[in-house]
Amino acid sequence: MDANRCVGDSGFRMRSVILKGLVFAIIIAVFGAMAIGVSIDAEERGITVIDALGSEVKVELPVQTIVSIAPSNTEILFALGLGEKVIGVTEACDYPPDAKSKPKVGQVEMNIEKIVEMSPDLVVAVASMQLPAIQTLSRLGIPVLALDPKTIQDVLDSIVLVGKVTGTEEAARLLTQKLGKQIQDIQLKAAKAVAEEGRPRVFVEVWDDPLMTAGPGTFIDELIRIAGGENISCDAGMEWPEFSAEVVVQRDPDVIITIWQDVDNVRMRPAWKRISAVKTGRIHKVNPDILTRPGPRLVEGLSELLEIIHPGSLD
Amino acid sequence: MKPDPVTHSAYRAKRKKSLVILTILLFAAMVIAAGVGAVTIPIAEVASILFRRIPYISKYIPNIGAQDVYETIILEVRLPRILLAVIIGGALAGAGATLQGLFGNPLADPYIMGISSGAALGATIAISYKLPSFFPGLSSVPIAAFLASIATMTAVYFLAGVSGRVSMDTYLLSGVVVSSFLWAVMSFIMMLSGDSLREIMMWLMGSLSNKGYAHVKMAFPYVGFGISVLLVMARDLNLICLGDDEARHLGVDPEPAKRIIMLASSLVTAASVSVGGIIGFVGLIVPHTVRMVLGPDHRLLLPASVIAGGIFLVSADTVARTLIAPSEIPVGVITALVGAPFFFYVLRRRKMSES
Amino acid sequence: MRLDAFSVCYNYDIITAVDNVSLSLESGEFVGILGPNGSGKTTLLRVLTGALKPWAGTVLLDGEEVHKMRPKLVAQKIAVVAQNGYIPFPFSVLEMVMMGREPHMARLSRESPQDMDIVFEAMEATGVTHLAERSVLDLSYGERQRVVIARALAQEPGILLLDEPTSHLDPGYRMEIMDIFKSLTRRKNIGVLAVLHDVNLASVYSDRLIMLNRGKKVAEGLPWEVVTKEIMKSVYGVRAVVRKHPVVGCPQVMLVPGFIDGRVEGESPKD
């Protein structure tokens, strides 16, 4: 059996060094992001930044009205205390609960007319998913800030960027500092647990029919690694692969995490009864929002994963 | 002049021989599929695990496999999937051959009657509203898909039959209308449930991933029953594809025969779509290819298509689950990628042999 | 074996296609049905096979009502040869002729050697044995028609209904095929009822003729009683000269074109 295909012995030691250094990197990056790509025009009280699409986004300060067209953006905006200024969200924006009472501007497709009618000072979008809407809104003269975080570090950078554009740098600095500290804390606990018990093998079942998991490049993969686990599908070659059931049986995960299906669905599967996680009952259902939404709650997801992968190590 | 005994016996020998060859190929494909996968298992162990399960010869087979996990992988993961591929491949190819004969049109496929849209709607409802499962090892999706496709089949049948006499054109039209309506309902539900969009799309693409014996047990009775009915009706199909009058002149009342054939092939399609999603190309190219090689006589074409459909889908699924292991490719992608060029090759060869 | 129709009527919605027609056919007889386009010939034939249920009247096959019989039983006694229909798949000639055995076979049985003998004999009779392995789609119209006739013969029917079986054939093929039918009445004592377009051909081959016009039977009898210049005038609206066939001795019609005005009956028309 080819265990440790993701984290070899030497690789593991190296990685823990890297992880310990992550918090410093975060702080450096925070200041780095402040230093580059931002220029304040004092006369017009405007600000120009480079967003995830590489476009220059020019915003008039102070920003009074914001429309968020992704749940993760909504969470960032509320976390920065901008909840009052958010005048439009999507149907899927369900966190924090206050967001649910905001006017809706779309579900999967955004209602461009409605956004234009609101004429917000800023729209916050997701670069990789919403290109057509971003282009249309920009053409209509509405400033659109496109975020596209791929890693936890990116999420922190995005928070800083949003802070810049909305004039909440201080709140952003405090938030990223707090998150960074929490991450560092979890890293240290995870490293201690890994040193004692090794890295449990983790399988995340995103969907059952077809069997899908979270591969390399996803937040889930990154979070599992930070929380001291080994994602058994880290060699899947794509972010959300259909995954071989027999490989799951062979790699014998110690922990199985489902995000949509009930735990029973996995436990009742005849072919999986030999799997350690099934035998020991270590099958957990985790709210997908805290594992997949690139917002501040990823840290919640991280601590939940640590508790699942290394029970008791949080205390 | 005396009849030519050589042609007569040669004709029968050809039929028997082709079915025997296809059956051998099917078993070969199944054994190879059992031996190949994302996890590499030594061939001797595969043989030992498989043949120890066969009564009578089991006591002569040594248990050389030390690893329980291999046994689980072969018997619990691969085997149900292989069986399901045979059942679904056979069902789709059999239904395709039948409908091509019934409509006298080689472009007909099992999804032409709108059954798949019903199944898709059922699956969409189960996925977006997260319906709970009642059966161990079986989620609510295939069950909802099956119930919805049976409802669709009934709706199409009665909508087409309002005028008493069912013409195939009315039937087709009724299928198309019901199907468009259901796709619209489905799109609406999908739109409202942005969360499950991706999962629904994956289901629609068709997959044999992560299936167990529960799926086999669910699909087999309906497919088995439906295919048996179709095999019994094969000779009627020969006459019906020549037209209603011809069929009647040769002793087949076309109306009841067409209804039975229609319902049986819908049932078969419904059962296979429910557990496997919409797997394209099998129901179109397998019967077509078999017809080119063995001729259009449905008494040979139907059983041969069923077996060949099994061979094709087992092979395609083996490629789907090994090519980029440990990840998998939706089997519908493989059937289309392999099917379309192969189809053109057969067409070309036939053209060349004609000229 | 005999087929009798009593006062049969059939309407398509409000259009009367067959109006109170009676006829009978016995084994060994060759009866021709004549009539202009739309006179109800084909509809009458479909009523006789049981495909259409008559609105009034009955059709009896050996005393049994045809449209109440199972189609399989009817097909054991009556075979039909129509004009070539659309064949969607490349059935071989052998497969096509074997379909003629369907009415005599139990559902799941295969052809017995006796069945195959009958099939090959039928192919022999129409001269298509050498085409056995060929696809019917590759055959000429005439060859295909002979395959369909072989299939009808393989049914071993007592009665053969023909719906303009030779209308698209060259004279050579046409005579050949009509000869086959005629010999069947003699050799196998089959009763043949043939809807024909060609009055002269019908006259040559038929023992009796029936003339239909607008769904009604307007004449019935020996060829000399039906093929007359008066009936040709009233049914087809043509001027005709009727002469005796110099070899067969039956009446033959020669049509008089409209541009030869003033010509009277009795003179031979110009070339």
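Refer to the structure above for everything that follows.
The rules we used
- Residues numbered from 1 in each chain as written.
- Chains lettered and ligands numbered in written order.
- Predicted model: local features only at pLDDT ≥ 70, side-chain atom pairs only at ≥ 80, totals over all residues.
- Pairing = 2+ DSSP bridges.
- Helix = DSSP H or I, 4+ residues; strand = E, 2+ residues; numbered from the N terminus.
- Contact = placed C-beta atoms within 7 Å.
- Nonpolar A, V, L, I, M, F, W, Y, C, P; charged D, E, K, R; others polar.
- Axes fitted to C-alpha atoms, helices over the stretch in contact; angles between N-to-C directions.

A. Spatial organisation of the sheet that holds strand E11 (residues 230-231) of chain A. Residue and element names in this part refer to chain A. Spatial ordering of the open sheet is given by E11-E8-E13-E14, a layout of four strands whose pairing is parallel. Lying at the two open borders of the sheet, with one neighbouring strand each, are E11 and strand E14 (283-285). Where strand E8 (residues 201-205) lies against strand E13 (residues 255-258), four bridges are found, and the strand directions are parallel. When the sheet's bridge partners are listed, Glu 205 is paired in E13 with Thr 258.

B. Structural view of the interface of chain B and chain C. Counting residues at the interface gives 27 residues for chain B and 31 residues for chain C. Secondary structure elements with two or more residues in the side of chain B that touches chain C: helix H1 (5-35), helix H9 (234-240) and helix H10 (244-249) of chain B. Along the lines of polarity and charge, the residues of the side of chain B that touches chain C split into 10 nonpolar, nine polar and eight charged.

C. Spotlight on the arrangement of the chains. Inter-chain contacts occur across two pairs of chains; the most extensive set of contacts lies between chains A and B. Spatially, chain A is disjoint from chain C: no contact exists, and the shortest C-alpha separation is 38 Å.

D. Spatial organisation of unusual backbone geometry. A cis amide bond, omega 0°, links A:Asp209 with the succeeding residue A:Pro210. Residue placement: A:Pro210 occurs in the loop between strand E9 (207-208) and strand E10 (211-212). Cis rather than trans, the peptide bond between B:Ala325 and B:Pro326 has omega equal to 5°. Within the fold, B:Pro326 resides in the loop between helix H13 (298-322) and strand E1 (327-328). At C:Asp62, a residue that is not glycine, the phi angle is positive and equals roughly 50°. Residue position: C:Asp62 is located in the loop between strand E4 (56-61) and strand E5 (64-65). Phi at C:Arg214 takes a positive value of approximately 50°, unusual for a residue other than glycine. The topology assignment puts C:Arg214 in the loop between strand E9 (208-213) and strand E10 (216-221).

E. Geometry of the interface of chain B and chain A. Contact with chain B, which involves 33 residues of that partner, is made by 29 residues of chain A. Sorting the residues of the side of chain B that touches chain A by element identifies helix H3 (68-103), helix H7 (197-205) and E1 of chain B as the ones contributing at least two each. Ranked by residue count, the leading element in the side of chain B that touches chain A is H3(B), at seven residues. Both strand E12 (residues 242-243) of chain A and E1(B) contribute to a ladder of two bridges, which runs antiparallel. Of the residues in E1(B), the one forming a bridge with A:Phe243 is B:Ser327.

F. Structural context of the sheet that holds strand E6 (residues 78-81) of chain C. Residues and elements named next belong to chain C. If you trace the six strands from one edge of the open sheet to the other, you get E6-E7-E8-E3-E9-E10, paired in mixed fashion. Each edge of the sheet is formed by a strand with only one pairing partner; in this case those strands are E6 and E10. The mean inter-strand angle of the sheet, taken between neighbouring strand axes irrespective of direction, is 15°. Relative to E10, E9 runs antiparallel, the two sharing five bridges. By the bridge assignment, Leu 212 is partnered in E10 with Lys 217.

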